[in-house]
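# Descriptive structure summary
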Amino acid sequence: MKIIFKILSLFVLPLTIILLIYLYFQGKNQKILMVKGTNQKILSIPYENIAFREFGSVYTANIVLPVAIQTGLKNLTFMIDTGAVVTAIPAKESREMGIKLSSLPRGAVEGYGGQTTFTYQGTFTAKIIDELVTLPCVFSEIDDYNYILGRKGVFERYTITFNSQTKAVELTDNQQ
């Protein structure tokens, strides 16, 4: 029993510490900026440099959104995808959000390359620039599906700037 405990402590404790450090810093580079002379706020999300075998380094913007769940807010990381019509979330998250998938319309969405994914059409609530907003989404039946922030509900409300000088995506709320 002591040997098993020692083996577990050698692996579990360091992995737990690494996970906690990752979760602590997740979204830390995002910041809300004030526009001088106004009460306008801008959410600045720095680009991440992702290496692709075929294309080399490519900038990607991932936004950490506090999403409403039954017990409060949970940070989820979404890739900002201007090519996606609607936000996509793995169906497994619906349980924590208190959403019954059986009560939602079931359908299918076609992704890049014509790949079809079965989904449930619903909404979720997230905190963006200090305000809770409800956005349309689809819950994907694929549990390891990417979290994608799509256009519907976002483009209508926010001005989105891809700023090559600051290497960040900037969201400005047009309803402030």
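Remember, it's a predicted structure, so these values are computed and weren't measured experimentally. (Residues numbered from 1 in each chain as written. Predicted model: local features only at pLDDT ≥ 70, side-chain atom pairs only at ≥ 80, totals over all residues. Heavy atoms only, no water.)

Right, let's talk about the overall build of the protein chain for a bit. Helices and strands together make up the secondary structure of the protein chain, namely two helices and 13 strands. Residue burial in the protein chain is summarised as follows: out of 176 residues, 33% are buried. Partitioning the contacts of the protein chain with sequence separation of at least 6, the portion at a separation of at least 24 is 49%. Carbon together with sulfur atoms contributes 58% to the accessible area of the protein chain, which is approximately 11600 Å² in total. (Helix = DSSP H or I, 4+ residues; strand = E, 2+ residues; numbered from the N terminus. Buried < 20%, exposed > 50% of the residue type's maximum accessible area, 1.4 Å probe, protein only. Contact = heavy atoms within 4.5 Å. Areas by Shrake-Rupley, 256 points an atom, 1.4 Å probe, with all protein chains shown as cover.)

Relative to the elements of secondary structure, Met97 occurs in helix H2 (residues 92-97). The class of Met97 is buried, set by a relative accessible area of 12%. Each C-alpha atom, one on Met97 and one on Thr71, is 8.6 Å from the other, the two residues being 26 residues apart in sequence. If sequence neighbours within four positions are ignored, Met97 has contacts with Val67, Ala68, Ile69, Gln70, Leu76, Ile89, Phe124 and Phe139.

Here the focus is the sheet that holds strand S12 (residues 158-163). Read from one edge to the other, the open sheet built from four strands follows the order S1-S2-S13-S12, with strand pairing classed as antiparallel. Here the strands that pair on one side only, and so sit at the sheet edges, are strand S1 (31-34) and S12. Across the sheet, the mean angle from the axis of one strand to that of its neighbour is 25 degrees, orientation sign disregarded. Relative to strand S13 (residues 168-173), S12 runs antiparallel, the two being bridged by six bridges. (Pairing = 2+ DSSP bridges. Axes fitted to C-alpha atoms, helices over the stretch in contact; angles between N-to-C directions.)

Here we come to a nonpolar patch on the surface. Residues Phe52, Phe55 and Val58 make up a contiguous nonpolar surface patch of about 300 Å² in total accessible area. Relative to the helices and strands, Phe52 resides in strand S3 (residues 48-52). Among the residues examined, Phe52 registers a relative accessible area of 38% and is labelled partly exposed. (Patch = residues over 30% accessible without salt bridge, like charges linked within 9 Å, V, L, I, M, F, W, Y side chains within 5 Å. Salt bridge = Lys/Arg side-chain N within 4 Å of Asp/Glu carboxyl O.)

In this structure the tally under the stated criterion is three aromatic pairs. With a centroid separation of 5.9 Å and 25 degrees between ring planes, the pair formed by Phe78 and Phe124 is classed as stacked. A residue pair is termed long-range when its members are at least 10 positions apart, and Phe78 in strand S6 (residues 72-80) and Phe124 in strand S9 (residues 116-128) qualify at 46 residues. The class for Phe78 is buried, based on a relative accessible area of 0%. Feature note: the residues Phe78, Phe124 and Tyr147 constitute an aromatic cluster, connected by ring pairs. (Phe/Tyr/Trp six-rings, centres within 6.5 Å; stacked < 30°, edge-to-face > 60°.)

On to the environment of Ser57. Among the structural elements, Ser57 can be located in strand S4 (residues 56-60). Ser57 gets classed as exposed once you look at its relative accessible area, which sits at 55%.

For the rest of this paragraph, the subject is the confidence of the model for the protein chain. Residue-level pLDDT values for the protein chain average 84, and 84% of them are 70 or greater. A low-confidence stretch, residues 15-27 (pLDDT under 50), is modelled with three contacts involving residues beyond four sequence positions or located in other chains. (pLDDT = per-residue confidence, 0-100.)

Applying the stated criterion to the full structure yields eight salt bridges. Lys74 serves as the salt-bridge partner of Glu93, at 3.0 Å between the closest nitrogen and oxygen. In this pair, Glu93 sits in helix H2 while Lys74 sits in strand S6, placing the two residues 19 residues apart along the sequence. Where Lys74 meets Glu96, a salt bridge forms, and the shortest distance between an N and an O atom there is 2.6 Å. Remark: Glu96 occurs in helix H2 and Lys74 occurs in strand S6; sequence separation between them is 22 residues. Classification of Lys74 by relative accessible area gives partly exposed; the value is 24%. Three or more residues are tied together by salt bridges with common partners; here these are Lys74, Glu93 and Glu96.

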